[in-house]
Protein chains: 2
Amino acid sequence: MRRGLEFKKKARIIIVDDNYDHLSGIKELIEIESDFDVVATATSASVAISLIKKYRPEIVLMDINMPEKDGLTAIAEIEKLDLGVRTIALTGYDDPDLIFRAMKIGAKGYILKTMASAQLIYAIDEVANGKIYLPATLSSRFFEYFQKSFKEENQTVVDEDNLLNYLTQREEEVLDLLTQGITYKGVAQKLFISETTVKTHVNNIFQKLQVNDRTQAVLYALNNGFLNRRKVKIAI
Amino acid sequence: MRRGLEFKKKARIIIVDDNYDHLSGIKELIEIESDFDVVATATSASVAISLIKKYRPEIVLMDINMPEKDGLTAIAEIEKLDLGVRTIALTGYDDPDLIFRAMKIGAKGYILKTMASAQLIYAIDEVANGKIYLPATLSSRFFEYFQKSFKEENQTVVDEDNLLNYLTQREEEVLDLLTQGITYKGVAQKLFISETTVKTHVNNIFQKLQVNDRTQAVLYALNNGFLNRRKVKIAI
DNA sequence: GAATTTATAGACCGGATGGACTAGATAGCG
DNA sequence: CGCTATCTAGTCCATCCGGTCTATAAATTC
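Below or above, wherever it landed, is the structure these notes cover. (Residues numbered from 1 in each chain as written. Chains lettered and ligands numbered in written order. Predicted model: local features only at pLDDT ≥ 70, side-chain atom pairs only at ≥ 80, totals over all residues. Heavy atoms only, no water.)

This part is about the environment of Met115 of chain B. Residues and elements named next belong to chain B. Relative to the helices and strands, Met115 is located in the loop between β5 (109-112) and α6 (117-128). Sequence-wise, Met115 and Ser34 are 81 residues apart; in three dimensions their C-alpha atoms are separated by 16 Å. Setting aside its immediate chain neighbours within four residues, Met115 contacts Pro135 and Leu138. (Helix = DSSP H or I, 4+ residues; strand = E, 2+ residues; numbered from the N terminus. Contact = heavy atoms within 4.5 Å.)

Written as structure tokens, this is what we have:
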């Protein structure tokens, strides 16, 4: 909408697939069924990256299942180049972990090879227009995986027989300051209590967390979600 | 498909919205346009939770923007109950952060009030069938936010003027052991060097990281992705 | 070959930390 | 009221830690 120039500009595409038959199949499909311009193809990730540097396409269709350098690593590298190239992962598997990793490293779309050709064209269109596109089915699978991982994280962090639960409020305050790398004297000043009191609290903390020194206490606190406790309640 | 019983079973729904007009509007819409069964409605989150415990619906439509207890907190609580209730967030805002937080805490869908009624019915249908549903537009926004957060994470962790980069290999080994809560004597034994050597290394580490003690050094290391350095390369 | 960096190690010192006790004040519970 | 938990504070003592300075061998760089 900004300028007339951008409007009818064909998106330029590079296709990467180690299987040459698939490659030419997809190429033909795109050339016949759509308005996009396939400027190059590659059967390996390393060649693809050279081509991308050379042609600076808008879109890259990347097969994930390739020998040698796999597609995910390739996508990560492309993202690191930061050329504004938008990559769509293309694969036969709808494994949630694969989808998650692809989206995490910056893929702008994820399409199954078994999907209808119209879907592929649509995906390219959406991605070329700056959107991120996941078909509803895959999106659903992604979110299941996404939510499961968060659920597990919350459980291990919040629940369980977390020794942090045995700390009194004052002890938590002291530990909180310790996790900021503050010395006993500093803690005493901040809490307006004597240094010996701090030491008493600290020793009790050691007992309860079953550790021997500050560093271990701090590490225990960090590894067991001490800092997250408040956030969980306030932020969500 | 499994049994005749499950096939035509109407999904039972509870609707929550602090605005009574919206509430009845949505209720009517669902009753007229779909086959679902609105078993109850509520204008506050706390009432809603009681009703959910009582009626055990399959689906809850939850308005996010409510005074008192907000919808996100309510969704989190419902998820904690673990009753198998599937919640769909319903709101006027397509703020990516809101979408992200809703999906993170376990919402099974996210619909804008401005969307067509057919979309709402479709969403309920999908969610009732065990899927997670985000309209393509919102899904796209979610992923932008999702990828941005990962990109930032990687940048702050890997690059930048990270003082950890100035450490020698030996110093890194020492720091690594310190981040495990090991004492100087222990480090000396593990590395087969004298304790005074460890102290020398540690003092150099303090200088380079510009900190004053072990705890601060460990905290610096953890906050600046010391442990991730290896993982970043292996995992992806 | 001289200069620099890194890893090693020692001495000395003072302050910080941790362990083991004791103990008073306060608040809550049965 | 007595019991318990919590917060407070103290003493004594041994050890650990951090600061500073010096020094040697090996490796690297110039």
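Scanning all chains against the criterion turns up 19 salt bridges over all chains. Of the charged contacts in the structure, one is a salt bridge between Lys113 of chain A and Asp17 of chain A, with a shortest N-O distance of 3.1 Å. Taken together, the residues span a long stretch of sequence, with Lys113 of chain A in the loop between β5 (109-112) and α6 (117-128) and Asp17 of chain A in the loop between β1 (12-16) and α2 (20-33) at a distance of 96 residues. According to the relative accessible area criterion, Asp17 of chain A is buried, its value standing at 0%. Salt-bridge contacts for Lys208 of chain B lead to Glu171 of chain B; the nearest nitrogen and oxygen are separated by 2.9 Å. Placement of Lys208 of chain B in helix α10 (residues 195-209) and of Glu171 of chain B in helix α8 (residues 169-178) is noted, with a sequence separation of 37 residues between them. Assessed through its relative accessible area of 27%, Lys208 of chain B is described here as partly exposed. By relative accessible area, Glu171 of chain B is classed as buried at 5%. Here the residues in one salt-bridge network are Asp17, Asp63 and Lys113 of chain A, joined through shared partners. (Salt bridge = Lys/Arg side-chain N within 4 Å of Asp/Glu carboxyl O. Buried < 20%, exposed > 50% of the residue type's maximum accessible area, 1.4 Å probe, protein only.)

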